[in-house]
Amino acid sequence: MEEMILSKSKGFYDTYFRKDSNQFTTHYCPGCGHGKIHKLIAEALVDLGIQDRTVMISPVGCSVFAYYYFDCGNIQVAHGRAPAAGTGVTRALDDSLVISYQGDGDLAAIGTAEIIHAANRGEKMTVIFVNNAIYGMTGGQMAPTSLEGQVTLTTPYGRNPLTEGYPIRMSEIISTLTAPVYVERVAVHNYKNIMKTRQAIRKALQVQKDGLGFSFIEIISPCPTSLRLAPTDCESWVEEKMIPYYPLKVFKDEISTRTPHFPEHKTFTDIYEVIGIDDIKEDTGSFNLKEDQKIRISGFGGQGVLSSGLMLAGIGMKQNKFTSWLPSYGPEMRGGTANCHVNICSSKVGSPVIDSPNVLIAMNIASLDEFEDIVVPGGTIFVNSSLIDRKVRRDDVNTVYIPATQIAESMGLLAATNIVMIASYLKHLSINKQMLINEVKSSLKKKNLLDKNIEIINKVYSSN
Ligand SMILES: Cc1ncc(C[n+]2csc(CCOP(=O)(O)OP(=O)(O)O)c2C)c(N)n1
């Protein structure tokens, strides 16, 4: 007879390095549904052959540590934001499968907007919504799904619909939307239902694998600890109290009528045509960078910090580089602080956020003070020496001092200080000035200032 070896799914890591003292078990309490659900997902990842394409988004809640367990791509996000982060992943990585794993506090309270809109957009993701009728991680406060009359830490007299509202039925809500393909409510309080949950999870992942769209699996799950019940009593509570209110059924299944939809890729040329840029065909020389440019530009509002970043990003984009631009600014239109992150890279940009730039363009003293230390060793700091009366303190970075405000002012256009700074930066990289001129041409709103801007760029490029 063939020997049968039962072992942990390969969808899990061999060891969970969360705690030195215990690397073989999860942190879940006895009788908790999360562990069972994790097992079903891990097995499905392996059996469907999608483990190396799947990105699990862990929420805030008891399942916050899911990334310690699943041997696939993992991201842990802020409370309720899993569908938003998942949207980014599924759109940026065409081949990925996204699992948005969420509790009822996470999905149906703080994250209500995210889930409704991700579902309404029909994002290609599988949402695993673990409904245990309570906030588990924080010790048993009322959840939006807590039952009428349910005693919780925050409803000591029982949930009163007149003051706390009625328990919210998410599957019913999600299935009223047009985009979702498949919506089912299942449970994991006994063997029969665990097997149905197994099927539902696989079906939802298959929907995603086939490029059909959004699936939502609500799983009614016991939480003995926060419900203050013994594990077996909690299973009975789920059967007798939860399921009558949350019926187990398929709410929507349009799998057979949907057609696969994989994103259509636009080339840069397509995009330029749409936004009406025609000067890219002009020969401006090559844009060969020795290394990826991870740029932070910073100054006060009104100095053209953000538009400088946009221009650099525009130049990178037109040279077929992978480019991103991320602005960060205060609420005031003038006088606040502003900075932006610009990536110009030869491979896909993982995140637009640049914590360790290799280029800093500091337009005022506050910017140098704030960002000098985050530049990587060997990076370059461009200093507007008209407004910054100190030297860079570090000796492991390159420095370029430009009296940018003074130059712009002496040429009669103070507002072009930013152009002096970015022209100096591009010149430093030996980038053809025509690229910047083209960029200014297409982005400058006040066309009467174009000639002056070009004059300034020429001046920067001709000076030593
Ligand atoms: C922005 C924010 N607000 C509140 C919290 C506190 N908090 C942590 S987990 C949680 C609720 C978790 O409940 P649920 O989503 O139902 O997951 P469970 O722990 O029951 O699996 C809350 C309110 C937080 N971490 N962050």
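Here the residue index of a chain counts from 1 through its sequence in written order. Under the rules for a predicted model, residues below a pLDDT of 70 receive no local features and side-chain atom pairs below 80 are neither given nor counted, while totals for whole chains, interfaces and linings still include all residues. Side-chain figures throughout are based on the complete set of non-hydrogen atoms in the structure, without hydrogens or water.

(A) Expanded view of the state of the cysteines. Cysteine sulfur atoms are paired as a disulfide whenever they fall within 2.5 Å. Going through the model one piece at a time under the given rule, you end up with zero disulfides. Just so you know, C340 is unpaired, no disulfide at all, and the nearest cysteine sulfur is the one on C345, 14 Å from it.

(B) Summary view of the packing of aromatic side chains. Side-chain rings of Phe, Tyr and Trp (the six-membered ring for Trp) are treated as a pair once their centres are within 6.5 Å; stacked means planes under 30 degrees apart, edge-to-face means over 60, and tilted covers the remaining angles. Enumeration according to the criterion identifies eleven aromatic pairs in this entry. On the basis of an interplanar angle of 80° and a centroid distance of 6.4 Å, the ring pair of F12 and Y16 is categorised as edge-to-face. Like F12, the residue Y16 is buried in the burial classification. Here F12 and F70 contribute two aromatic rings whose centre-to-centre distance is 5.5 Å and whose plane-to-plane angle is 40°, an arrangement assigned as tilted. Taken together, the residues F12 in the segment before α1 (33-47) and F70 in the loop between α2 (66-69) and β2 (73-76) connect sequence positions 58 residues apart. Of the aromatic side chains, those joined through ring pairs into one cluster are F12, Y16, Y28, Y69 and F70. Comment: the charge-over-ring label is applied if NZ (Lys) or CZ (Arg) is within 6 Å of the ring centre and within 35 degrees of the ring normal. Positioned above the aromatic ring of Y16, the side-chain terminus of K8 is 4.3 Å from the ring centre. Relative accessibility under 20% of the residue-type maximum defines a buried residue, over 50% an exposed one, and the middle range a partly exposed one, all with a 1.4 Å probe and only protein chains included. Numbering of helices and strands runs from the N terminus; a helix is a DSSP stretch of H or I covering at least four residues, while a strand is a stretch of E covering at least two.

(C) Highlighting helix α8 (residues 191-209). By definition here, a helix of n residues has an expected span of 1.5 Å times n minus one. The end-to-end C-alpha distance of α8 is 27 Å, a good match for the 27 Å that 19 residues give at a rise of 1.5 Å each. Looking only at α8, the buried set comprises N193, I194, T197, A200, I201, R202, A204, L205, V207 and Q208. Among the residues trailing α8, G211 stands out with phi positive, at a value near 75°.

(D) Fine view of the side chain of D104. By the secondary structure assignment, D104 is in helix α4 (residues 104-110). Asp and Glu are treated as the negative residues and Lys and Arg as the positive ones, with His and the ends of the chain left uncounted. Any carboxyl oxygen of Asp or Glu within 4 Å of a side-chain nitrogen of Lys or Arg constitutes a salt bridge here. Of the side chains bearing the opposite charge, R159 lies closest to the buried D104, which forms no salt bridge; the N-O distance is 9.0 Å. Pairs of N or O atoms within 3.5 Å make up the polar contacts considered here, provided that, within protein, one atom can donate a hydrogen while the other can accept it, and that residues adjacent in sequence are counted only when both atoms are side-chain atoms. Polar side-chain contacts of D104 include one of 2.9 Å to the backbone nitrogen of N132. There is a polar contact of 2.9 Å between the side chain of D104 and the side chain of T145. Residues are treated as being in contact if the distance between any of their heavy atoms lies within 4.5 Å. Filtering out sequence-adjacent residues up to four positions away, D104 remains in contact with A109, F129, V130, N131, N132, A133, I134, A143, P144 and T145.

(E) Region of the structure containing the sheet that holds strand β5 (residues 182-187). If DSSP finds at least two bridges between two strands, the strands pair. Ordered in space as β2-β1-β3-β4-β6-β5-β7, the seven strands form an open sheet in which the pairing is mixed. Both outer strands of the open sheet, β2 and β7 (249-253), are each paired with one neighbouring strand and no more. Across this sheet, the average inter-strand angle for adjacent strands is 15°, counted without regard to direction. Pairing analysis gives four bridges linking β5 to β7, with the strands arranged antiparallel. Of the residues in β7, the one forming a bridge with Y182 is D253. Packing against the sheet, helix α3 (residues 82-92) makes contact with β1 (54-58), β2 and β3 (97-103), and its axis sits at approximately 175° to β3. Orientation is described by lines fitted to C-alpha atoms, with helices fitted over the stretch in contact, and by angles between N-to-C directions that extend from 0 to 180 degrees.

Don't take any of this as a statement about function, it's just geometry.
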